Amino acid sequence: MPFYRRIRNLREDKDLTQVQMGKILSCSQRVYSNYERGDIDIPTQILIKLADFHKVSVDYLLNRTDNPDMNN
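Residues numbered from 1 in each chain as written. Predicted model: local features only at pLDDT ≥ 70, side-chain atom pairs only at ≥ 80, totals over all residues. Heavy atoms only, no water.

Student: How would you explain the nonpolar core if you had to name every residue and give the values?
Tutor: In terms of nonpolar packing, the biggest core is built from 17 residues, with Ile7, Leu25, Tyr32, Tyr35, Ile42, Leu50 and Leu61 touching the most fellow members. Residue assignment for this core shows that the elements contributing at least two residues are α1 (5-13), α2 (18-25), α3 (29-37), α4 (44-54) and α5 (58-61). Leaving out residues up to four positions away in the same chain, leucine 50 has contacts with Ile7, Met21, Leu25, Tyr32, Ile42 and Leu61. (Core = buried A, V, L, I, M, F, W, Y, C linked by side-chain atoms within 4.5 Å. Buried < 20%, exposed > 50% of the residue type's maximum accessible area, 1.4 Å probe, protein only. Helix = DSSP H or I, 4+ residues; strand = E, 2+ residues; numbered from the N terminus. Contact = heavy atoms within 4.5 Å.)

Student: Pulling in residues and values, what's your account of α2?
Tutor: Within α2 the residues assigned to the buried category are Gln18, Met21, Gly22 and Leu25. Take α2 and look down its axis: the buried residues cluster within an arc of 105°, on one side only. Buried residues belonging to α2 abut α1, α3 and α4. Following α2 by one or two positions, serine 26 has its phi on the positive side, about 60°. (Arc of directions from axis to C-beta.)

Student: Tell me about the packing of α2 against α3, and please be specific about residues and values.
Tutor: The geometry of α2 relative to α3 is characterised by a closest axis approach of 8 Å and an angle of 100° between their N-to-C directions. In terms of orientation, α2 and α3 fall into the roughly perpendicular class. On α3, the residues touching Gln18, Val19, Met21, Gly22 and Leu25 of α2 are Gln29, Tyr32, Ser33 and Glu36. Taken together, the residues of the contact of α2 with α3 break down into four nonpolar, four polar and one charged. (Axes fitted to C-alpha atoms, helices over the stretch in contact; angles between N-to-C directions. Parallel < 35°, antiparallel > 145°, perpendicular 65-115°, else oblique. Nonpolar A, V, L, I, M, F, W, Y, C, P; charged D, E, K, R; others polar.)

Shown next, in the form of structure tokens:
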């Protein structure tokens, strides 16, 4: 699932490791790595945490829009 590339790019833009993101999301590095590779679906609550952390919309993370801004 190539659309998960955005979560990797956002993480790398903040100079964070997968281990650090795992701690932020309360999961292991391996699980987070699986999210980035698209090997497993990202649970809704994790998608929301990722969107909030990176200050982007869930639609942006899911590649449904190229606009990262959240609608308020």
